[in-house]
Amino acid sequence: GTVVGDGTRVLSKWSEIARATGALRVDIAGSEYRTVKPIGVYQDEDLIVLEVDGKPLTPVSWSFEAPKLGEFLAAPQPDGKLAAFGVVSVLTQLEGHGSGLPRRHWRAELFRPRRENP
């Protein structure tokens, strides 16, 4: 999952939590565990919001800016290791689409690192 909001919430996949048995907990970078409890389930979107016990964690920092051509992007695995990385390789400008305002779209070329133990 991803720590969001004020650091007391984790956003995760409902399909992963739904089959869990027993008490729920989160692993914080392999150094500690915290118990969590569900406070919101959104099955249609496959999302669940969990409340974390204890002091707040560091939440994700969201960017609302479109990436620029040549910028790097990275996607982490749940354990914090790199899942994929890439570079924004194409930007296109599309006019119209109802609002009369230009829309920007971007595409990233992603590369997945080789796994040592598949």
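Residues numbered from 1 in each chain as written. Predicted model: local features only at pLDDT ≥ 70, side-chain atom pairs only at ≥ 80, totals over all residues. Heavy atoms only, no water.

Caption draft 1: View of the nonpolar core. Core analysis: the biggest nonpolar cluster contains 11 residues, these being Val3, Val10, Ile17, Leu24, Val26, Ile28, Val36, Ile48, Leu50, Val52 and Leu57. Going through the elements one at a time, strand 3 (24-28) and strand 5 (47-52) are the ones with two or more residues in this core. Not counting chain neighbours up to four residues away, the residues in contact with valine 26 comprise Glu32, Tyr33, Arg34 and Val36. (Core = buried A, V, L, I, M, F, W, Y, C linked by side-chain atoms within 4.5 Å. Buried < 20%, exposed > 50% of the residue type's maximum accessible area, 1.4 Å probe, protein only. Helix = DSSP H or I, 4+ residues; strand = E, 2+ residues; numbered from the N terminus. Contact = heavy atoms within 4.5 Å.)

Caption draft 2: Structural view of the pattern of salt bridges. Using the criterion set out here, one finds 4 salt bridges in the structure. Note that arginine 9 is salt-bridged to glutamate 51, the shortest N-O span being 3.3 Å. On the criterion of sequence distance, the pair formed by arginine 9 in strand 2 (residues 9-13) and glutamate 51 in strand 5 is long-range, its members being 42 residues apart. Of the residues examined, arginine 9 reaches a relative accessible area of 28% and is grouped as partly exposed. Here arginine 34 and glutamate 32 are joined by a salt bridge, their closest N and O atoms 3.1 Å apart. Taking the relative accessible area as the measure of exposure, arginine 34 reaches 9% and is therefore buried. (Salt bridge = Lys/Arg side-chain N within 4 Å of Asp/Glu carboxyl O.)

Caption draft 3: Here's a closer look at a nonpolar patch on the surface. A cluster of nonpolar side chains, Leu11, Tyr42 and Leu47, forms an exposed patch at the surface whose accessible area comes to about 230 Å². Mapping leucine 47 onto the fold places it in strand 5. (Patch = residues over 30% accessible without salt bridge, like charges linked within 9 Å, V, L, I, M, F, W, Y side chains within 5 Å. Areas by Shrake-Rupley, 256 points an atom, 1.4 Å probe, with all protein chains shown as cover.)

Caption draft 4: Structural detail: the sheet that holds strand 4 (residues 32-42). One open sheet accounts for 5 strands, arranged 1-2-5-4-3; its pairing is antiparallel. Only two strands of the sheet have a single partner each, and these edge strands are strand 1 (2-4) and strand 3. Recorded for the sheet is a direction-independent mean angle of 40 degrees between the axes of neighbouring strands. Sheet topology places strand 2 next to strand 5; 5 bridges connect them, and they run antiparallel. Note that in strand 5 the partner of lysine 13 across the bridge is leucine 47. (Pairing = 2+ DSSP bridges. Axes fitted to C-alpha atoms, helices over the stretch in contact; angles between N-to-C directions.)

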